[in-house]
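Architecture at a glance
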Amino acid sequence: RSLRHTPTMERRRMEAVLLVLFLGHLVTALDVPLDLPQPPTITQESPKDYIIDPRENIIIHCEAKGKPHPSFSWTRNGTHFDVDNDPNVNMKAHSGTLVVDISREKVENYEGVYQCTARNKHGTAVSNNIVVRQSRSPLWSKEKIKPIVVQEGVSLVLPCRPPAGLPPPIIFWMDNNFQRLPQSRRVSQSLNGDLYFSNVRREDSRNDYICYARFPHTQTIQQKQPINVRVLNLDAINDTMADFYNDTDLFSVDERRPTFLIPSGTSSTKMVLRGHVLEMECIAEGLPTPEISWTKISGDLPAGRTFFLHYNKTLRIVDVSESDAADYRCTAKNQLGAVHHTIRVSVKAAPYWISGPPRNLVLAPGENGTLTCMASGTPKPSVTWAMNGIPIENSPKDVSRKVEDDTIIFTGVQTGSSAVYQCNISNDYGYLLSNAFVNVLSEPPRVLTPANKVYQVIKNHQAMIDCASFGSPIPKITWFKGSRSMSLDGDYYITHNNGTLEIYVAQAQNSGKYTCVARNSLGIYENHVHLEVKEPTRILKQPEYKVVQRGRSVVFECKVKHDPSLIPTMTWLKDDGELPDDERLIVDNDSLTITEVTENDAGVYTCIMNTTLDHDSATAELTVVEHPDPPTDLELTDQKKRSVQLTWTPGDEHNSPIQKFLIQYEDSLHHRGHWHNLTEVPGTRTTAHLKLSPYVHYTFRVLALNAIGPSRPSFPSRMYRTDPAAPDENPTGVEGFGTEHNNLVISWKPLSGFQANGPGLHYKVMWRQKALDSDWTTVTVANNSKFVVVGTPTFVPYELKVQAVNDHGEGPEPKIAEGYSGEDLPIAAPENVQAIIVNSTLAKVHWDPVPFHLIRGHLKGYKVYYWRKHSLHKHNPDHMEKDILTFSGNHTHGMLPGLHPFSLYSFNVRVFNGKGEGPPSPTQQFKMPEGVPGPPTSLLVSNPNLDSLTLEWGPPHDRNGHITGYTLKYQPVNNSNELGPLEEVALAANETSITLPNLKYSTRYKFYLSAKTVTGPGPDITQEVVPVMDEAVASRQVDIATQGWFIGLMCAIALLILILLIICFIQRNKGGKYPVKEKEDAHTDPEFQPMKDDDCTFVEYSDNEDHKPLKGSRTPSNGTVKRDDSDDSLVDYGEGGDGQFNEDGSFIGQYSGKSASRDTAEGHESSEAPSPINAMNSLNSFV
């Protein structure tokens, strides 16, 4: 391995040494950090040829960087452009970009050649000349295009001639429905947009050949007037003239050898610029359609850059180079001959860089350097230099600078000689303009690569570790690994001029920490980075070649191994492009599945496994077996009056054997343009003996069928005419029926022209009554498929016959068909009608059938009309809405479902035929028995108490009989929704409420209430209730608070407290202590503390105490207060907000079970009267 790579490494070292010796200074593409002084550098500018949209403001870009930041100015058409004095032009802040407002000015006023200048105290940079032109999409000129009439087989050119636009438009042809016109080897579009026909066919006749021009810059489309093309059908002309010229074809389509439509002559020339696209085209006419081929006379066509377009009529070579200058030959060929055309191509070149544009030069004082502007072109371009935008010959002299053609040599530069130099290279086909500055700096080294950056590389691949640095003089870069025992240099490591460390073949042991050290005469700087070597990605199981039938599924497998630390991404390509956006293509982790394969799915599929570092790929081809190609060379032999022999040549099977051939015919005499199946033969045969019918002008075609399906039809055979004869068959579908009660319509399916066997087709129509053995009545009918017999008796059977006749005789004896004359309404109603009650909602109706002769038509069935008159309850109104049940066929009974119980119904029965209904039977009535009632209309709870409640309900809406009573069931339900024992109570029919005592408090109950009649109980109505403990207790509290004795007691207590406070106040004012007070001070009752002076609140009602549950109470998790063993505490059942007394001493509001809510509402500053509950607690302290 080392032997193989050593010469390459040595060659690279030599090239680097030679470059240093030649330049005298190491020149690199160097970016000066923006915090250091530097001349301007243009970073963005508009293209040289700048086409603008006239509907939008003009934006001409010019951006530059430098230190200090540069200022900008512009020239237009070679003179200074005063931006500040033009109200429509604005220059962006800190930028040279111009924005031109065209809302008040025409765009034409701002077309021209612009150039941007960026300058600071270190130099001046200039942009390219920017030619600003507005895009144009002119309308098509008005013209009246005459219809084009051509003979079948000749060539044709449909001109497009679009209006000249900027940029040129894209041309395409479509029809009135905006569908692209189909193109082929025979019909194609030329490069200038014209539509060429090598030879025209009948199917080319149409009136909507429309050329469209799309202008891409403004995204507008212009349309040419439609062109009408009519192709003369020579077969039709020959058929018309055959009777006059003894059946001889006067006009025929002559085959001919190819000739070129474009280009003309035998040779032509073409010039193309280097790097551009070369397009040459040859379009030929001829019959059969010629095939086009291309050759390069002096060598091979360039591989990878050559493309054949428009069915080989266009040769395209991209990225043209000087080697493409040669003679090219196009050949048009068909079976009658060939023709050639030679195109001599010359290649010119606008100036182009040989080794890139000159690069910026950073020099320390006293250093040497070189700016080189090496370019080429055809013809050879000229080179001119400028400094800070001024021709260098007009610039101040500098002894350290020497200009030699395309090179400027700097020797011993000094501080202050920084500048921007412009190199301009031009010839007849273009120019190149490049800015490069010389910046004289003294700067210690710095490393620009981020510290501790991690590089990842695949094993056995090249590793490149950056150490981008800056300094003046340019720093020298040294690399170390790990402990820095020695610098990295040798066969495995290469340090490039820009400081990058290259490891040619990275291995696992190369992973680790690397240090780059940058040194120059002004200082030293070091930076640390890390390298990780990863395992490569490899495809273990590649996709395999597949052959599949259309409509089937196919799976390509692609199993991959990769480094576990890398995230893989699987991508599939088809023919080196993206997979079609089709839901039939299913991509999994390691496979591609294509369902319902079509012929478009055939191609080369590639699986690519990508990671952030590498990829692997594998390809496989999919072959789809398709429909066979159509047969060719149809020939008719062994011609007889009613038969002929047809032979053909099979087409390509496309990997699926032909199973059979289908032979079709067209009858141009009776049904022109329509093809019918005639017969089939096995796929191994190429001949068929065809049985024919008289008086038909046959044209045959053949289709091949394989496992995939049929081919396209072959081209038709020549026409074969058979002689007329008498009909071979009679009409089918003979039937008789009446449209009126006294007529008979005889109809039949007429024979087609193909079945007529001759001219003068008509029909002999015959009929007679079936019951009477009478003679046949006969009429002749032509050009019709029915006959009406009038004056017939109503609905009697007839025998019918229809025979085909033409000018050459009668058809065979026809078969006898049967029919009936017209129907009339039935004249009788069903008898013995009766109703039988099945249950409370179902009844069965019986009747005797109406005799056949009284129906007077085809029996269709019976209809029962029924309606509910009223419910059997008193004072119920009558219902008149009628329902109808239809019983098709010869029924004698029927069921009436969905009836209302306990109701009176009326009904009658009628027979009906195809004409309509007969008279109704006498209306009868029946009563429906009682049924079970519906649920009660409501079930409400009232007067809930601790251990009782009252239920109230409403009677059922649908009683369905006499209510005999109610049944109430109830049972407790625990917190787990488990049901307890069921209690049942029987209630009288006139009851609508009940009070249930002895219920468990705070227990949920479920109630079920149903009504019943003599038939039984109806459905339940249910309700769930919890006896409300809190409301009951609150009610008690209110009752106590409103009693007179309670108010008197509270007033007495208040008076007593007031007297005690007065006495204490008097004693305090005397200033002496007494034994009782000393005792109170020494033994303060913890349950009763005096009020604090600062907040006027009792100590025992602090927040901490308020949140504790009261003695003898239990607070559940849901916040409701449940009852315990003691009923004495009013506070246990308190609910709601802040209770308080009114001015008259009555209690208002509700009691609060928690003082925390009171504290929240009132605050510590509340002056409201205390709750009576708290007052009672205070009394408890005294007691």
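The model shown is predicted, which means the values in this text are computed figures rather than measured ones. (Residues numbered from 1 in each chain as written. Predicted model: local features only at pLDDT ≥ 70, side-chain atom pairs only at ≥ 80, totals over all residues. Heavy atoms only, no water.)

When you go through the chain residue by residue, the secondary structure sums to 10 helices and 87 strands. Within the chain, residue pairs in contact and separated by at least 24 positions form 65% of the contacts whose partners lie at least 6 positions apart. Total accessible area on the chain is roughly 64600 Å²; 51% of this is exposed by carbon and sulfur atoms. (Helix = DSSP H or I, 4+ residues; strand = E, 2+ residues; numbered from the N terminus. Contact = heavy atoms within 4.5 Å. Areas by Shrake-Rupley, 256 points an atom, 1.4 Å probe, with all protein chains shown as cover.)

Counted under the stated rule, the structure contains 35 salt bridges. With a shortest N-O distance of 2.8 Å, Glu285 and Arg256 are connected by a salt bridge. Taken together, the residues Glu285 in strand S23 (residues 283–287) and Arg256 in strand S20 (residues 256–262) connect sequence positions 29 residues apart. Since its relative accessible area comes to 10%, Glu285 is described here as buried. (Salt bridge = Lys/Arg side-chain N within 4 Å of Asp/Glu carboxyl O. Buried < 20%, exposed > 50% of the residue type's maximum accessible area, 1.4 Å probe, protein only.)

To continue, consider the sheet that holds strand S57 (residues 632–640). Spatially, the 3 strands line up as an open sheet ordered S57-S58-S61, and their pairing is antiparallel. In this open sheet, the two strands that pair with only one neighbour each are S57 and strand S61 (687–691). Between one strand and the next, the sheet's axes are offset by a mean angle of 25°, whatever the strand orientation. Sheet topology places S57 next to strand S58 (residues 643–649); 5 bridges connect them, and they run antiparallel. (Pairing = 2+ DSSP bridges. Axes fitted to C-alpha atoms, helices over the stretch in contact; angles between N-to-C directions.)

In this section: the confidence of the model for the chain. Predicted confidence across the chain gives a mean pLDDT of 84, with 84% of residues reaching 70 or more. Every residue in residues 1–29 is under pLDDT 50, and counting partners more than four places away or in other chains gives 34 contacts. Contacts from residues 1029–1039, a stretch scored under 50 in pLDDT, to residues over four places away or in other chains number 22 contacts. (pLDDT = per-residue confidence, 0-100.)

Applying the stated criterion across every chain, the model contains 6 disulfides. Two residues share a disulfide in this structure: Cys62 and Cys116, whose sulfurs sit 2.0 Å from each other. Classification of the bridge connecting Cys62 and Cys116 rests on its S-S torsion, roughly -75°, and on that basis the disulfide is left-handed. Placement of the pair is Cys62 in strand S4 (residues 62–67) and Cys116 in strand S9 (residues 112–120), with a sequence separation of 54 residues. (Disulfide = S-S within 2.5 Å.)

Formed by 30 residues in total, the largest nonpolar core has its most connected members in Ile58, Ile60, Trp74, Tyr114 and Val132. Mapped by element, the contributors of at least two residues to this core are strand S2 (49–52), strand S3 (58–60), S4, strand S5 (71–76), strand S8 (98–100), S9 and strand S11 (130–134). With 3 residues, the single largest contributor to this core is S9. If we skip the residues at most four places from it in the chain, Tyr114 touches Ile60, Trp74, Thr75, Arg76, Phe81, Asn128, Asn129, Ile130 and Val132. (Core = buried A, V, L, I, M, F, W, Y, C linked by side-chain atoms within 4.5 Å.)

Applying the stated criterion across every chain, the model contains 24 aromatic pairs. Here Trp648 and Phe661 contribute two aromatic rings whose centre-to-centre distance is 5.2 Å and whose plane-to-plane angle is 65°, an arrangement assigned as edge-to-face. Of this pair, Trp648 sits in strand S58 while Phe661 sits in strand S59 (residues 658–667), and the two are 13 residues apart along the sequence. An aromatic cluster is defined as three or more aromatic residues linked by ring pairs; in this entry it consists of Tyr665, Tyr698, Phe700 and Phe754. It is Lys48 that lies over the ring of Tyr431; its NZ or CZ is 4.0 Å from the centre. Positioned above the aromatic ring of Tyr352, the side-chain terminus of Arg274 is 3.6 Å from the ring centre. (Phe/Tyr/Trp six-rings, centres within 6.5 Å; stacked < 30°, edge-to-face > 60°. Lys NZ or Arg CZ within 6 Å of the ring centre and 35° of its normal.)

What follows covers the pairing of strand S77 (residues 903–913). With 11 of 11 residues buried, S77 is to be regarded as a mostly interior element. Burial along S77 is two-sided: the face carrying Ser903, Tyr905, Phe907, Val909, Val911 and Asn913 and the face carrying Leu904, Ser906, Asn908, Arg910 and Phe912 are both buried. By the bridge criterion, 4 bridges tie S77 to strand S78 (residues 924–927) in an arrangement that is antiparallel. When the bridges of S78 are listed, Ser906 appears paired with Gln925.

Before going further, it helps to spend a moment on the environment of Asp35. Summarising the element assignment, Asp35 is placed in the loop between helix H1 (2–23) and strand S1 (38–45). On the accessibility criterion, Asp35 (47% relative accessible area) is partly exposed. Once you skip the residues sitting within four places of it in the chain, Asp35 turns out to touch Lys67 and Arg446. A polar atom in the side chain of Asp35 sits 3.2 Å from the side chain of Arg446. (Polar contact = N/O pair within 3.5 Å; in protein donor to acceptor, adjacent residues only side chain to side chain.)

Topologically, Gln414 is positioned in the loop between strand S35 (407–410) and strand S36 (419–427). Judged by its relative accessible area of 49%, Gln414 is partly exposed. It is 8.0 Å that separates the C-alpha atoms of Gln414 and Ala364, two residues lying 50 residues apart in sequence. Beyond its immediate stretch of four places on either side in the chain, Gln414 contacts Gly366 and Val440. A distance of 3.2 Å separates a polar side-chain atom of Gln414 from the backbone oxygen of Gly412.

Here we have 4 strands laid out as an open sheet, ordered S75-S74-S77-S78, and antiparallel in their pairing. A strand with exactly one partner marks an edge of an open sheet, and here the two such strands are strand S75 (882–888) and S78. Averaged over all adjacent pairs, the angle separating strand axes in this sheet is 30°, with direction ignored. Two elements, strand S74 (residues 859–871) and S77, share 11 bridges in a ladder whose sense is antiparallel. Note on S77: the bridge partner recorded for Arg868 is Tyr905.

Time to look at a nonpolar patch on the surface. Taken together, the side chains of Leu1055, Leu1056, Leu1058, Ile1059, Leu1060, Ile1062, Ile1063, Phe1065 and Ile1066 make up a nonpolar region of the molecular surface, amounting to roughly 860 Å² of accessible area. In this fold, Leu1060 is placed in helix H6 (residues 1044–1070). (Patch = residues over 30% accessible without salt bridge, like charges linked within 9 Å, V, L, I, M, F, W, Y side chains within 5 Å.)

With an omega of 0°, the peptide bond running from Lys67 to Pro68 counts as cis. Looking at where Pro68 falls in the secondary structure, it is placed in the loop between S4 and S5. In this model, Thr378 is joined to Pro379 through a cis peptide bond whose omega is 0°. Mapped onto the elements of the fold, Pro379 is located in the loop between strand S31 (375–378) and strand S32 (382–387). Phi is positive for Asn312, close to 75°, though the residue is something other than glycine. Within the fold, Asn312 resides in the loop between strand S25 (306–309) and strand S26 (314–317). Judged by its relative accessible area of 29%, Asn312 is partly exposed. A positive phi angle, near 55°, is found at Asn832, a position not held by glycine. Residue placement: Asn832 occurs in strand S72 (residues 831–839). You can call Asn832 exposed: its relative accessible area is 55%.

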